[in-house]
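Single-letter residue listing:
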There are 2 protein chains.
Amino acid sequence: MTEMFSNRMAGIPRSFIREILKTAQETDIISFAGGLPDSNLFPADELVIATNKAFETSGRNIFQYAASEGCEQLRSYLADFCRNRKGVAVKKENILITNGSQQALDLLGKVFLNEGDDVVIEEPGYLGVIQALSMYMPEFHPVPVSNERMDADRLKILINKRHPKLLYVNPNFQNPSGITYSDNNRKEIAGLINSKETFLIEDDPYGELRFRGNDKLSFKKLLPERTVLLGSFSKSIVPGFRLGWMAAPEEVVEKLVIAKQASDLHTSHFTQKIIYQYLKNNDMDKHIQKITKVYAQKCQKMIECIKKYFPMSVSYTIPEGGMFIWVQLPVSLKAIELFEEAYKNNLIFIPGDPFYLKRKYINTFRLNFTCVTEDEIETGIRKIGKAINNLINFEKEDRDERSFNFNGSVQFGDR
Amino acid sequence: MTEMFSNRMAGIPRSFIREILKTAQETDIISFAGGLPDSNLFPADELVIATNKAFETSGRNIFQYAASEGCEQLRSYLADFCRNRKGVAVKKENILITNGSQQALDLLGKVFLNEGDDVVIEEPGYLGVIQALSMYMPEFHPVPVSNERMDADRLKILINKRHPKLLYVNPNFQNPSGITYSDNNRKEIAGLINSKETFLIEDDPYGELRFRGNDKLSFKKLLPERTVLLGSFSKSIVPGFRLGWMAAPEEVVEKLVIAKQASDLHTSHFTQKIIYQYLKNNDMDKHIQKITKVYAQKCQKMIECIKKYFPMSVSYTIPEGGMFIWVQLPVSLKAIELFEEAYKNNLIFIPGDPFYLKRKYINTFRLNFTCVTEDEIETGIRKIGKAINNLINFEKEDRDERSFNFNGSVQFGDR
C-alpha cells in the first residue's frame, strides 16, 4: 500500500503538536502545550440562546445545503468588522467563510501554488501553514522574526532572488513567539513586495486578544490588492464550530470559491447562522474585554513564575496579547530534552523544533497560558524550572564554557 | 493577478450545477436541478432536542477544539453501522469523520494522487469527484455506466493499459443516472482490480434511500483492504451540518488524518455531538422508511408525468432509490437548448454536459424529484414536455432523418 501514497505525503509527519495534545486529553497532566482557549470563557449560555434563535429565525432552511461563499448576513457582518475595526475597505463580496483559518491556508495553497513555487514563511513560525501548504509541494524559505519584526533584509534578498509567490505572516502576537510586528516593520515589508509578484497572507487569529498597547496597521490596509486577511472565531468565541473567514480581492475570491466547492461544497450553514445570531445579539467588545482581562492576568502570572522559578540564563518574550510566551534556554540545552524531563512530571509544552523548517534540537520552546489555571501555572512553571536546573546541573562540567546565543529570534523579557 | 494562480485552477469552471442552484434560490422557479433533500423531511424537532441534549451532556467541551479523527462515539456508531447494515468488518479505528463526502474526495486526492496519475471515473458521473480530484491534476479515464452496470470490458482494458491509481464508483442509485450496479457487475469489477495496484472509492451517499429491491453487495465487503467506503448524513438526516465519513484500511486512515489536519484540523465537534445524540435517541429505520416512502411516491409521480407529457421518442431510467431520473432525448436534440427553453418558463434541471468529461451538447439530462412537490412535478414535467415538443417541431424539417441512439449509457423506462 505504501508505494501507492502520493509524493506529498512522504515525510509529512502527523502534527507533533496535535499528538502532544492528545496526550494532554488522555492523562492527568498540566498542559502548556495547546493553543486552546480557556473553555470557561466560551459564552456558553449566549451560544445556547443564539442556537435557539437561529432555529427560530431560519426554520428548516438552517438544515439545508447552502452557498459555497457562506451565509450572506455573516459575510456582511465581517465586511463591516473589517471596515470599522481595521480600516480595511472590503465588501461582502470579498469575504469567504471557511472551516477555521486552517482551511483558508489549504484553499490558498490550491489556488496559488504549483509544485516548486517559492513561499516565504516566518521562523520560528506556525507549523499549520507548513502542513497546509506542503500539500501543494512548494519550496519554503524561512525568514527570522524577532523582537518587533520580521527580518526585512533577509526578506529583501529572498524577494529579489526567488520572486516568491506567497509571503505568510502572523504579525499580531505571533504563534509561537508572541511577538508583534511594529508599524514601521509592516510598512517596510509592504514596500518590499509592492512592486513584486508576491501575494501576502496576513493570518490574524489572535488580533483581538490585545492586553495592552495599540492595534497595529493591517497589511490588508497597506496592500489591499495583494493581501488576503485571515480571521477566525476560534480564539474569540468558539473553536468547536470551526468557523473562520478570509477577506481577499474579488478575483481571488472567485478562485477560492471554486477551490472551496471542490474541497467540501460549503461550511456548515447551521453553525454560521448560530454565530451570526450570537454576534447580532451580544456585545462583542464586552466579551473580548472579558477574555483579554483573564488572559492578561494569566500571562502576567506566568511571567512572574518564570522570574521566580527559571534560572537567570533563560530568556523569554513578553507578549502584548494572544496566547503564547516563547522561552529560550542556554544554547547548550535542548528543549526536547527538557520536554522529556517535564513529561515525566506530568507537565507538557511544545519544544521549539516543530516551529522551524529544518533545524533540530532547538533551545527554545512555547508556553501557552490561556488554557490553564493560575495554580497550574504556578505548579507547572515551578516544575519546568526544576527540570531546567536539573538539566543545567547535569551539564555543569562544561558550564563555564556556555555562552549566550539568542539566535536573534526572540524578544527578551525584562530581566 | 491571473498569471499568479496555480495551473490546477486553469480551466476549472465554477460548478455549473451550483450556479444553477443559486438561480433557483433567487427566483420563483420550479427546480429539478439540485441534489437537495426535501427539507420537509428533515427531523427538525428531533434535531432541536438532540442539540439541547448535546449541550446538556457535553457541557463546555462541545465548544472546544477536538481530535482530527472525529468524535469517538460517532466513529463507534458508524463502525457498528458498517458491520450490521453492510456486513463490512470495520472498527472505530477505520472511521474518519469529514465535512460531507465532498471533503472525503479531497482528502483521497491529497493522499493518493501525484500529477498525471490515472483515475477511472464513471460516465456519466458525479461532477464533484472531477472537481475534487482535479486539484491534484490526475488524468481522468471515463468508463460508461448503463443499465445495471459499469462497462467491465472497457474497465479491464483501462486497468491493464493504465494501471489506474484510483477507481471511483457511485454504485447505488448513481448520480446522475439513477442506476444501480448488479451484484454480478460488482463481483466482476472487484475481480478485475483485486490483483492490481488500484484503490477503489465506493461513494454511497444515497444507499439508504432504497424504494424497492434488495441491498447490493458493498465493494468494501468484496475488497476490504482496497476500498474506502464514503458515507454521508446529508441525504438521510441533514445536509447543512456538513457531516460525512469514510471507512478505510488503518494505514490509509493514518495518512488521511494527516491530510485532514492540514486541511482544517477537524470537523465541527459541535455538529458531531448533535448528530450522535440524534442517532442515539431516535429510530433511524423508521426515519429512513418515512423518507423513502415520500421519495418513492415523488419518483412514481415524476415517471407518470414523463409518460403523460414527454413524447415517445424520449427514454428515461427508473431508479430503485436515490434522488434522480436520467432522461435521454432524441439524438438530434441538445439538452442545453432544452434547458434554455425551459428556463424561459421558470423551470430548471441539469443538462447532461457537466456529467461528461469532455463531450458537449449532450442529449441527456438529470431530473431531481426529491426537492419538489407533486404539484410542481406535474407542472414542471408538463412544461418540459411542451419545450421538448417545441424543439422537435422546430427541427421537424429533418425529423425523418432522426434515429434513436441511446449511447448505451442509460437504463430505459418501460415504454
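Parameters at a glance
Residues numbered from 1 in each chain as written. Chains lettered and ligands numbered in written order. Predicted model: local features only at pLDDT ≥ 70, side-chain atom pairs only at ≥ 80, totals over all residues. Heavy atoms only, no water. UniProt positions renumbered as here; feature names shortened; annotations may be inferred. Axes fitted to C-alpha atoms, helices over the stretch in contact; angles between N-to-C directions. Helix = DSSP H or I, 4+ residues; strand = E, 2+ residues; numbered from the N terminus. Parallel < 35°, antiparallel > 145°, perpendicular 65-115°, else oblique. Left-handed = near helix turned anticlockwise from the far one by under 90°. Contact = heavy atoms within 4.5 Å. Nonpolar A, V, L, I, M, F, W, Y, C, P; charged D, E, K, R; others polar. Buried < 20%, exposed > 50% of the residue type's maximum accessible area, 1.4 Å probe, protein only. Pairing = 2+ DSSP bridges. Least-squares fit on C-alpha atoms with pLDDT ≥ 70 in both. Buried area = accessible area lost by both parts, 1.4 Å probe. Salt bridge = Lys/Arg side-chain N within 4 Å of Asp/Glu carboxyl O. Polar contact = N/O pair within 3.5 Å; in protein donor to acceptor, adjacent residues only side chain to side chain. Domains from an automatic or database assignment.

Where an unreviewed UniProt entry is consulted, chain A appears under the name Transcriptional regulator, GntR family, with the organism given as Flexistipes sinusarabici. Listed under Sequence similarities (unreviewed entry) in UniProt, the entry text for chain A is "Belongs to the class-I pyridoxal-phosphate-dependent aminotransferase family." Taken verbatim from the UniProt record of chain A, the Subunit (unreviewed entry) comment is "Homodimer."

Caption draft 1: View of the packing of helix α3 (residues 72-86) of chain B against helix α10 (residues 269-281) of chain B. All names here are of chain B. Interaxial distance between α3 and α10 falls to 9 Å at its minimum, and their mutual angle equals 45°. Looking at the two axes, α3 sits oblique to α10. Remark: the crossing between α3 and α10 carries left-handed chirality. Residues Gln73, Leu74 and Tyr77 of α3 form the contact with α10, whose participating residues are Gln272, Lys273, Ile275, Tyr276 and Leu279. Here the contact of α3 with α10 is composed, by residue class, of five nonpolar, two polar and one charged.

Caption draft 2: Quick look at the UniProt feature "domain: Aminotransferase class I/classII large" (unreviewed entry) in chain A. Those residues carrying the UniProt feature "domain: Aminotransferase class I/classII large" (unreviewed entry) are residues 41-384 of chain A in this numbering. Structurally, residues 41-384 of chain A comprises 44% helix and 16% strand, and the distance from its first C-alpha atom to its last is 27 Å.

Caption draft 3: Broad picture of the pairing of strand β9 (residues 244-247) of chain A. Residue and element names in this part refer to chain A. Along β9, one buried face is formed by Gly244 and Met246 and the opposite face, lined by Trp245 and Ala247, is buried too. The pairing of strand β8 (residues 227-232) with β9 spans four bridges and is classified as antiparallel. Across the sheet, the residue bridging to Gly231 is Trp245, located in β9.

Caption draft 4: Examining the sheet that holds strand β14 (residues 364-368) of chain B more closely. All names here are of chain B. Read across the sheet, four strands follow the order β10-β11-β14-β13 without closing on themselves; strand pairing throughout is antiparallel. Strands with a single pairing partner mark the edges of an open sheet, and in this sheet they are β10 (315-316) and β13 (350-351). Across the sheet, helix α11 (residues 284-309) touches β10, β11 (324-328) and β14, and the angle it forms with β11 is around 15°.

Caption draft 5: Fine view of the relation of the copies chain B and chain A. By a simple turn and slide, chain B fits onto chain A: the slide is 0.0 Å along the axis, the RMSD is 0.0 Å, and the turn is 180°. The superposition operator between the copies reduces to a two-fold rotation axis.

Caption draft 6: Representation of the interface of chain B and chain A within the structure. At the junction of the two partners, chain B supplies 84 residues and chain A supplies 85 residues. Roughly 7300 Å² of surface becomes buried between chain B and chain A when both sides are summed, with 58% attributable to carbon and sulfur atoms. Measuring nitrogen to oxygen at the nearest pair gives 2.9 Å for the salt bridge that ties Lys110 of chain B to Asp106 of chain A. Inspection of the chain B/chain A interface yields 44 residue pairs in polar contact (both at pLDDT 80 or more). Going through the elements one at a time, α1 (16-26), α2 (44-58), α4 (100-112), α5 (127-134), α9 (250-264) and α10 of chain B are the ones with two or more residues in the side of chain B that touches chain A. Here the side of chain B that touches chain A is composed, by residue class, of 38 nonpolar, 27 polar and 19 charged.

Caption draft 7: How the structure looks around the domain arrangement of chain A. All names here are of chain A. Assigned domains within chain A: domain 1 (2-42 + 286-392) and domain 2 (44-281). Listed as interface residues are 34 residues of domain 1 and, on the opposing side, 35 residues of domain 2. Contact between domain 1 and domain 2 buries roughly 3000 Å² in total, counting both sides, with carbon and sulfur atoms accounting for 66%. When the buried area of domain 1 at its contact with domain 2 is split by residue, Phe42, Glu320 and Leu357 rank highest and sum to 25% of it. Applying the counting rule to domain 1 against domain 2 returns two salt bridges. When the shortest N-O distance is used, the salt bridge between Glu320 and Lys216 registers 3.9 Å. For the side of domain 1 that touches domain 2, the secondary structure elements donating two or more residues are α11 (284-309) and β11 (324-328). Split into classes, the residues belonging to the side of domain 1 that touches domain 2 amount to 21 nonpolar, eight polar and five charged.

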